[in-house]
Structure formats: structure tokens, C-alpha cells
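A look at the structure
What follows is each chain in one-letter form.
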Amino acid sequence: MSTLAERFNINSQIEHLQAKYVGTGHADLTKFEWLLNIHRDSYASYIGHHNMLAYFAVVQNESIGRVRYEFLQKMLLPCGLPPAAEGEEEAGEGAE
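What counts, and where the lines are drawn
Residues numbered from 1 in each chain as written. Predicted model: local features only at pLDDT ≥ 70, side-chain atom pairs only at ≥ 80, totals over all residues. Heavy atoms only, no water. UniProt positions renumbered as here; feature names shortened; annotations may be inferred. Phe/Tyr/Trp six-rings, centres within 6.5 Å; stacked < 30°, edge-to-face > 60°. Helix = DSSP H or I, 4+ residues; strand = E, 2+ residues; numbered from the N terminus. Buried < 20%, exposed > 50% of the residue type's maximum accessible area, 1.4 Å probe, protein only. Core = buried A, V, L, I, M, F, W, Y, C linked by side-chain atoms within 4.5 Å. Contact = heavy atoms within 4.5 Å.

The protein carries the name Splicing factor subunit in an unreviewed UniProt entry, which gives Raphidocelis subcapitata as its organism. For the record of the protein, the UniProt heading Sequence similarities (unreviewed entry) holds the text "Belongs to the SF3B5 family."

Okay, here's the thing in C-alpha cells:
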């Protein structure tokens, strides 16, 4: 059995990781934000590993620089625009 001190220590470690690394998520993370982190991490990994970048360039029949540029552009909005919040939709309908 774990003691109260051990549980507090684990919770404080998780909070520390979530504050230090954006991609670790938290309880209030939406599905869109989670997907955004996954896609950005993937593109960053592809750009950082030259062999993966070369593979994508060969498959797409493009230069490595062009593929790197396209991946950097995709990192800005990898999943498109964020969905509107429910409260914003209701406020927008009444204003028209």
C-alpha cells in the first residue's frame, strides 16, 4: 500500500512534468490539443532525423529542402483551425 506522502510525491512529479513539457498533457486537454501535440511532435521528429526526411523526399519525388519547408509549414496548423467552443457558437448566433 502506498502512503499519503508517496501519492503526494507522485502527483507533484506529474505536475512538474506537465509544466516542463507541453506535450505531456493534463486533465483538461481537449482531443484537438492532444492531436495537435502528436502531429507537431511527429513533424519535428521527421525534420530532425535526416534519414526520415530523405525517405519522404524520395517518396514524394521532391528535394529534401522542399520537404523540410513543407513540414515546417504544416507544423503551424497541422490539424486545421481549432473547433469553436460551445459558448462562442451561442454568442455568435445571437449577434447576427
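**Focus on the packing of aromatic side chains**
For the structure on display, the rule yields 6 aromatic pairs. Judged by centre distance (5.2 Å) and plane angle (45°), the ring pair of Tyr43 and Phe71 falls under tilted. Pair noted here: Tyr43 is in helix α2 (residues 31–48) and Phe71 is in helix α4 (residues 64–74), with a separation of 28 residues, a long-range link. An angle of 65° between the planes, with centres 5.9 Å apart, marks the rings of Tyr55 and Phe56 as edge-to-face. With a relative accessible area of 51%, Tyr55 lands in the exposed category. A network of ring pairs unites the aromatic residues Tyr43, Tyr46, Tyr55, Phe56 and Phe71 as a single cluster.

**Comments concerning the nonpolar core**
Counting residues in each nonpolar core, the largest one holds 7 residues, listed as Tyr43, Ile47, Leu53, Phe56, Ala57, Val67 and Phe71. Among the secondary structure elements, those contributing two or more residues to this core are α2, α3 (50–60) and α4. Here this core takes 3 residues from α3, the largest share from any one element. When sequence neighbours within four positions are dropped, the list of residues in contact with Ile47 reads Leu53, Arg68, Phe71, Leu72 and Met75.

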